[in-house]
Amino acid sequence: MEPGMISKKDLLQQAGISYGQLYRWKRKNLIPEEWFVRKSTFTGQETFFPRDKMLARVERILSMKDGDASLDDIAEAVSPDLGGISLTLAEVAERSIASEAAVGVFRSAHPDATTLVFGELVSLYVVDRLLGTGDVSLEEARSVLGTLEEQFGAFEGSDADLLCVRKMGVTVCALVSSTAEIRLESSARLVARMNLQESVEALGARL
Amino acid sequence: MTENSTNNLKIAGEGSVGGGTYGDVTINGAGRVTGDVTCNEFRINGAGSTDGNVAAMLIDINGSGTFSGKVETKQMAVKGDASVKQGLGVGDLKVKGRLSAGGVAANTADVRGEIRVGANLDAETFTGEGTFKVDGMVNVGSLEFALHGLSSAREIGGDTVIVTLGRGFVGASFLGLFTEKRLTVDVIEADEVTLENTTAKIVRGNNVRIGTGCEIGLVEYGGTIDRAADARVGEARQVTQA
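Residues numbered from 1 in each chain as written. Chains lettered and ligands numbered in written order. Predicted model: local features only at pLDDT ≥ 70, side-chain atom pairs only at ≥ 80, totals over all residues.

Quick look at the pairing of strand S7 (residues 182-195) of chain B
Where a strand is regular, its side chains alternate between the two sheet faces. All names here are of chain B. Among the 14 residues that make up S7, 10 are buried, leaving the element largely enclosed by the rest of the structure. The pairing of strand S6 (residues 150-165) with S7 spans 12 bridges and is classified as parallel. Across the sheet, the residue bridging to Ala153 is Val185, located in S7. With 11 bridges connecting them, S7 and strand S8 (residues 198-210) associate as parallel partners. Residue Val187 lies in a different strand from S8, and its bridge partner there is Ile202. (Buried ≥ 20, exposed ≤ 12 C-beta atoms within 10 Å, placed from the backbone. Helix = DSSP H or I, 4+ residues; strand = E, 2+ residues; numbered from the N terminus. Pairing = 2+ DSSP bridges.)

Concerning the confidence of the model for chain B
All names here are of chain B. The predicted model of chain B averages 91 in pLDDT, with 92% of residues at 70 or higher. This stretch, residues 1-5, has a pLDDT under 50; its non-local contacts, to residues over four places away or in other chains, come to 5 contacts. For this predicted complex, the interface score ipTM comes out at 0.85, while the overall pTM is 0.74. (pLDDT = per-residue confidence, 0-100. Contact = placed C-beta atoms within 7 Å.)

Examining the pairing of S6(B)
Here 12 bridges tie strand S5 (residues 121-147) of chain B to S6(B), and the two strands are oriented parallel to one another. Of the residues in S6(B), the one forming a bridge with B:Leu143 is B:Val161.

Digging into the sheet that holds strand S7 (residues 170-177) of chain A
Residue and element names in this part refer to chain A. Taking strand neighbours across the sheet as the criterion, the 3 strands line up as S7-S6-S8 in an open arrangement whose pairing is antiparallel. In this open sheet, the two strands that pair with only one neighbour each are S7 and strand S8 (189-195). Neighbouring strand axes in the sheet, compared pairwise and without regard to direction, differ in orientation by 20° on average. Two strands pair when backbone bridges link them, and strand S6 (residues 160-167) and S7 are joined in this way by 8 bridges, in the antiparallel orientation. (Axes fitted to C-alpha atoms, helices over the stretch in contact; angles between N-to-C directions.)

Digging into unusual backbone geometry
Residues and elements named next belong to chain A. Its identity is not glycine, yet Asn29 carries a phi of approximately 60°, on the positive side. Here Asn29 shows up in the loop between helix H2 (19-27) and strand S2 (37-41). By the C-beta count within 10 Å, which is 15 here, Asn29 ends up partly exposed. Notably, Ser96 is not glycine yet its phi reads approximately 40°, a positive angle.

Some remarks on the interface of chain B and chain A
Much of the literature gives interface size as the accessible area that the parts lose upon coming together. With 20 residues of chain B in contact, the opposing surface of chain A contributes 13 residues. Looking at the side of chain B that touches chain A, the elements that each hand over two or more residues are S5, S6, S7 and S8 of chain B. Here the side of chain B that touches chain A is composed, by residue class, of 5 nonpolar, 8 polar and 7 charged. (Nonpolar A, V, L, I, M, F, W, Y, C, P; charged D, E, K, R; others polar.)

Put into structure tokens, the structure is as follows:
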């Protein structure tokens, strides 16, 4: 089996949940469709999940259920409907959603912007997190921002990762579906890989 | 509600009209609505079609309805034949006759006749008799279906799945369902599984009853298994399960 993946059978056993629960959560969109990865095995078709993400999600659902939250409440928490939210740049600073450096990157791309809608906030938040790790330069952060703004829409509602790949001092950004495996030529280096859904959720928790 | 909500639209005889926001839309005869429609009740007596998206509290079709876009409604009743080319999101769905849809997400779905779904069918409860053909997955809280023809799905998953051989269905001759009564599916996974006349590669469940006429490649059960004498099961193994 692939590393980082867990079979459905093992998941049910480890987490102590039933098929009924798993499918109900899927119907309620508590677990994204892309996390169900079908693979052929010698016993036939089996479904695998990204292990860490899936176990964390199941634990979160179960703990929220213990607190008597309804499935709809949990769905709201794990994939909040934030489409209508917008913040001014002052509010962004106030709520410490992004550092000054990240806001600067955003400003250089959009000199006239005063309010940011949710999609822009996500892009800004991701840029801030990347800058915070020290993995990317300001110049690269600008390219990250551009990539997110151009391409994030194509992944609407599905789970995507942002990639930064550097070769001979040149950086390329890309969005890939989060379960995709990436192989690079040996002279290229994966500088950063960041799950966007996590950023959406983390940002949602701050708003 | 805006003023528009009292703005009812009625097509009597034959006609075509533009979309928009209406109170009730009624088509008596043959009518066509072009563009997106938002309304309270959408009724077709005869033949109706829309080429945009429809959002309504209630959709009632007596005769035939063709929806080229997405359909969102609290309640939908089909007596006759309806086709939704894209996704159908519905609270309570009742079909007597035939429905085809690109995908279905329902709270409850009851089908007497035939349902055909191009992608997934999600429902808290899915009941009925006749046939279902789902190209993707059937994801249900509970499924209770009596077979009267050839049914199929790629996968079925849920709490309770009960598939039985339909017996003495009055409408069978009307629908011309003289073919074999059988469900063919790759994988069924549910806590409680009861099957008749089902062909499946894999059945996984807690308590599993493999009834008459079944042909199952592999059964994995956590609790109990019950097998009819004439059921063919390639391999049955008990697995530890929550």
